[in-house]
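Listed below are the residues making up each chain.
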Amino acid sequence: MTARASGSAPGAALAGLVAAPVVVGLGYSAAAAIGLAGPAARGLSLVHIDRVMRDATVWRGLAWTIYAAALATALATAAAVAVAIGFRGTGIGDRLARIAALVPFPIPYVVAAAGAVLVLGQSGLLARLAAAAGVIHDPSGFPPLVLDRPGLGFILTFAWKEVPFLTFVAVSVLATRGQQLEETARTLGASPAATLRRVTVPLLWRGLAPAVVLVFIFIAGTYEGAALLGPTDPLPFAVATYERYQALDLTLRGDGFVLTLLGLILGLAAVAVFEWTRARAERLRS
Amino acid sequence: MTHAPVPGRTTAAPIPVATGASPGWRGVRLAMVTLLVISAVGPPALLAMLSASQSWFYPALLPTGWTADAWSAVVRRGPLARAVGTSVVLGLTTGVVGCVLAAPIGRALARLHGAARHVAVAAAVLPAAAPPIAVATGLQLTFVRAQLAGTPVGVVLAHLVPAVGVLSFFFFAVFTAYDTRLDDEARSLGASPRQVWLRVTLPTLRPQLGAGVGLGFLVSWGQVPLTLVIGGGRVHTLPLEVMGYVQAGETRFAAAAALLLILLPIVLLLVASARLVRGSAPASAPAPASAPAPASAPASAPTRVSA
């Protein structure tokens, strides 16, 4: 039996309190974006919003952020699904794989990014291994994976960082619902491949969706990862927000509030998508 | 619904793709296990080596000289040691205060139905999911007005913003799965709601509360944007030291600080896992971090440790 009661007002009010700081931030940023608050306040004006909307570098930075976060999320999801499906047994190899996949879970983003600089840089560990193998002869022969425009280092690092969380969720989904449904399918005559295609993968798809949305949100929102691994052109959205916000030029600082407002609105939209996928997954369970 | 068994077919194989166990598949599995183990053990090992390397010039595969100066800086209570202390205090405060605030919120959320449930859950998750840098820049001037910017108290309050979001969702999952029969029994024996909360519900959920404190600690422990903006350079935490050392090219100190940032969370994870495994009594179905949880709230608790 689960906890249920009829009154919803206290719960809704408390949830509102949790969200209040973000709402305050949204309100302040909105006021500052139209010149009514903040250090650059000069009275009602749409000049900051207009300038940001016309600034192609902002949109290229936002597009880069979405592209890199989407690719990293896709890679992490694929790896997590492979581990969850491929290592479901009780043998030592299966257990070792599951444990190893979960170890990076508590590693903070800043450590993942710092480690990536040391491993993926042009004089980093991978470049040294390539030199030892005779593949390259000097650091410039190694492809730039850090601060690079395609964001390969960023994508690989955050894909690796998020595999544990997604693996944990995928393993949980399969452990609670997978075996029963798969056994039913097999009993009805489905082949292993058909069971995988028609039962396991769809089940994982719906069960993993909320976590996948969260991972995308987290990667897209990381400041430290983008600052240490992202390119300077286009500048990732989080770094652009901070740089404009910190600028000595008050005009630019006003633009920073527009970016803050945009970031929080995108966060709101992402949370709506998350809750939609979570509600679908919850219905699947009940 | 029941199904008639197909003649000649025994029980289903639990691993549909592995039933063949061909040499090729075994090779793929071996490669995957190797890669996973390297990706788990490699980073801490590399950081440990880097933190003690005096000289490690390209293209040497291993350091050519060793030094303990980064670690002696930690022991001598230099900036790095102070940053560790600050991070631990901020993390513990965030974890404990976050749980005190979020546990009743999570319980209230779990009691909601229909649209109110969806809106409230989304509202609770918002601070954890909104871009941290946007939350920080959106709040900074409010903190400045309240004279909290640049102070440890201000930084704790800032860390509590995403932490309470994460923990509210965590406790929402815990209370969604919580079996209320013990509470009902206590009520029927005459206990007041306050007594039930303090003497039945909270003691029953002790392992989950411990995990919650750990989760709140982790949110603060890896936090960069909120500390950077709200702390205004006056509150030095371990993640900021890592950022600073990496950007200054101080590899040895960056590695030592990063290793310190890794070790404590891993110890916490192991302790929490062990406690949760021991504490999963039937009366309190444990939620997120403890056991397999399906396609719903428990399994998808937002866990960005650097949120």
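These numbers come from a predicted model, not from an experiment. The numbers attached to residues start from 1 for each chain and follow its sequence in the written order. Written order decides the labels, with chains lettered from A and ligands numbered from 1. Per-residue local features of the predicted model are confined to residues with pLDDT of at least 70, and side-chain atom pairs are confined, for both listing and counting, to 80 or more; whole-chain, interface and lining totals are unaffected and use all residues. To obtain the side-chain values, all non-hydrogen atoms of the structure were included, while hydrogens and water were left out.

Novice: Would you explain the overall build of chain B in this entry?
Specialist: Helix and strand assignments come from DSSP, with helices taken as H or I runs of at least 4 residues and strands as E runs of at least 2, each series counted from the N terminus. Counting its regular elements, chain B contains 12 helices and two strands. Tracing chain B from N to C terminus, the helices and strands come up as α-β-β-α-α-α-α-α-α-α-α-α-α-α. A simple rule labels every residue: compare its accessible area, found with a 1.4 Å probe on the protein chains alone, to the largest value its type can have, and call it buried under 20%, exposed over 50%, or partly exposed in between. Taken over 307 residues, chain B has a buried fraction of 53%. Intrachain contacts of chain B at a sequence separation of at least 6 include 72% that bridge at least 24 residues. With the model as given, the accessible surface of chain B reaches about 12,900 Å², and the carbon-plus-sulfur share is 67%. Contacts are assigned to residue pairs with any non-hydrogen atoms lying within 4.5 Å of each other. We get accessible surface area from the Shrake-Rupley algorithm with a probe of 1.4 Å; when it comes to residues, only the shown protein chains can shield them.

Novice: I keep staring at the environment of Gly121 of chain A and nothing clicks. Help me out?
Specialist: All names here are of chain A. Here Gly121 lies in the loop between helix H5 (109-120) and helix H6 (125-132). A sequence separation of 21 residues divides Gly121 from Phe142, and the C-alpha atoms of the two residues are 8.6 Å apart. Once residues within four sequence positions are removed from consideration, Gly121 is found in contact with Ala116, Ala127, Phe142 and Val146.

Novice: Before we go on, may I ask you to explain empty space enclosed by the protein in this structure?
Specialist: In this approach, a probe sized like a water molecule rolls over the atoms, and the result shows the empty space that is left. All names here are of chain A. Cavity and pocket criteria rest on a 1 Å grid covering protein atoms alone: a 1.4 Å probe that fits but cannot get out defines a cavity, protein on both sides within 12 Å along at least 5 of 7 lines defines an open pocket, and an atom within 4 Å of a point defines a lining residue. Grid points are joined across faces, edges and corners, and a volume is the space filled by probe spheres set on the points. Per the stated rule, a full pass over the model turns up two cavities of 30 Å³ or more. Residue lining of the second largest cavity: Trp64, Thr65, Phe154, Ile219, Ala220, Thr222, Ala226, Pro236 and Ala238, and that is the complete set. Of all the elements in the fold, those that place two or more residues in the lining of the second largest cavity are helix H3 (56-86) and helix H8 (192-221). Of the residues belonging to the lining of the second largest cavity, the class tally is seven nonpolar, two polar and no charged. Lys, Arg, Asp and Glu make up the charged group, whereas Ala, Val, Leu, Ile, Met, Phe, Trp, Tyr, Cys and Pro make up the nonpolar group; the residues left over, Gly among them, are polar.

Novice: Any chance you could explain unusual backbone geometry here in plain terms?
Specialist: With the exception of glycine, the majority of residues adopt a negative phi angle, and the majority of peptide bonds are in the trans configuration. At the junction of Asp233 of chain A and Pro234 of chain A, the peptide bond is cis and its omega measures out at 0° in the coordinates. Tracing the backbone through its elements, the reader meets Pro234 of chain A in the loop between helix H9 (224-229) and helix H10 (237-246). Despite not being glycine, Leu147 of chain A shows a phi value in the positive range, around 60°. Mapped onto the fold, Leu147 of chain A is located in the loop between H6 and helix H7 (152-187). The phi dihedral of Gln147 of chain B is positive, around 60°, even though this residue is not glycine. Here Gln147 of chain B shows up in the loop between helix H5 (132-145) and helix H6 (152-177). For Gln147 of chain B, a relative accessible area of 68% corresponds to the exposed category.

Novice: Please clarify how the interface of chain A and chain B should be interpreted in this entry.
Specialist: It is common to give the size of an interface as the accessible area that goes away when the parts come together. Across the boundary between the two partners, chain A contributes 110 residues, which contact 114 residues of chain B. The contact between chain A and chain B buries some 9,300 Å² in all, and 74% of this surface belongs to carbon and sulfur atoms. Take a side-chain nitrogen of Lys or Arg and a carboxyl oxygen of Asp or Glu: if they are within 4 Å of each other, that pair is a salt bridge. Our count for the chain A to chain B interface comes out at one salt bridge. The closest approach of N and O atoms between Arg29 of chain B and Asp94 of chain A, which form a salt bridge, is 3.1 Å. We call two N or O atoms a polar contact when they sit within 3.5 Å, provided that within protein one can donate a hydrogen and the other can accept it, with sequence-adjacent residues counted only if both atoms are side-chain atoms. The tally of links from chain A across to chain B stands at nine residue pairs in polar contact (both at pLDDT 80 or more). By residue class, the composition of the side of chain A that touches chain B is 70 nonpolar, 26 polar and 14 charged. Defined here as a combined quantity, buried area equals the accessible surface (1.4 Å probe) lost by two parts on assembly, summed across both.

Novice: Please clarify how H6 of chain A should be interpreted in this entry.
Specialist: Residue pairs three or four apart in sequence face the same way in an α-helix, which turns once every 3.6 residues. Residues and elements named next belong to chain A. Along H6, the residues that are buried comprise Ala127, Arg128, Ala130 and Ala131. All buried residues of H6 project into a common sector of 160° when viewed along the axis, lining one side. At the C-terminal side of H6, Gly134 shows a positive phi close to 80°. Note that the arc is defined by the directions from the helix axis to the C-beta atoms.

Novice: For this particular structure, what's the right way to read the nonpolar core?
Specialist: One broad trend across soluble globular proteins is that nonpolar side chains are buried collectively. Think of a nonpolar core as a cluster: buried Ala, Val, Leu, Ile, Met, Phe, Trp, Tyr and Cys residues, connected wherever their side-chain atoms sit within 4.5 Å. The biggest cluster of nonpolar side chains holds 158 residues, and the ones touching the most others in it are Phe154 of chain A together with Phe171 of chain B. Of all the elements, H6 of chain B adds the most residues to this core, at 15 residues. Setting aside residues up to four positions removed in sequence, Phe171 of chain B forms contacts with Cys99, Ala102, Ala103, Gly106, Gln208, Leu209 and Gly212 of chain B. Membership of the second largest hydrophobic core comes to eight residues, among which are Val83 and Ala101 of chain A together with Leu36 and Ala40 of chain B.

Novice: What exactly am I supposed to notice about the pattern of salt bridges here?
Specialist: A side chain of one charge can pair with a side chain of the opposite charge if their charged atoms are brought near each other. Residue and element names in this part refer to chain A. Across all of its chains, the model carries 11 salt bridges over all chains by this definition. Between Arg88 and Glu182 there is a salt bridge, with its nearest N and O atoms 2.9 Å apart. Residue Arg88 is found in the loop between H3 and helix H4 (92-102), and its partner Glu182 is found in helix H7; the two are separated by 94 residues along the sequence. By the burial criterion, Arg88 is buried, and Glu182 matches it.

Novice: Help me out: how do you make sense of the packing of H6 of chain B against helix H9 (residues 206-221) of chain B in this one?
Specialist: All names here are of chain B. Interaxial distance between H6 and H9 falls to 9 Å at its minimum, and their mutual angle equals 150°. Here H6 lies roughly antiparallel to H9, going by the angle between them. Relative to H9, H6 is oriented so that their crossing is right-handed. Taken together, the residues of H9 that come into contact with H6 (itself represented by His159, Pro162, Ala163, Val166, Leu167, Phe170, Phe171 and Val174) are Gln208, Leu209, Ala211, Gly212, Leu215, Gly216, Val219 and Ser220. Lines are fitted to the C-alpha atoms to define the axes, a helix being fitted only along its stretch in contact, and any angle between axes, read from their N-to-C directions, falls within 0 to 180 degrees. Just so you know how the angles are binned, under 35 degrees is roughly parallel, over 145 roughly antiparallel, 65 to 115 roughly perpendicular, and the rest oblique. Definitions for this section: a left-handed crossing has its near helix turned counterclockwise from the far helix by less than a right angle. A right-handed crossing has that turn clockwise.

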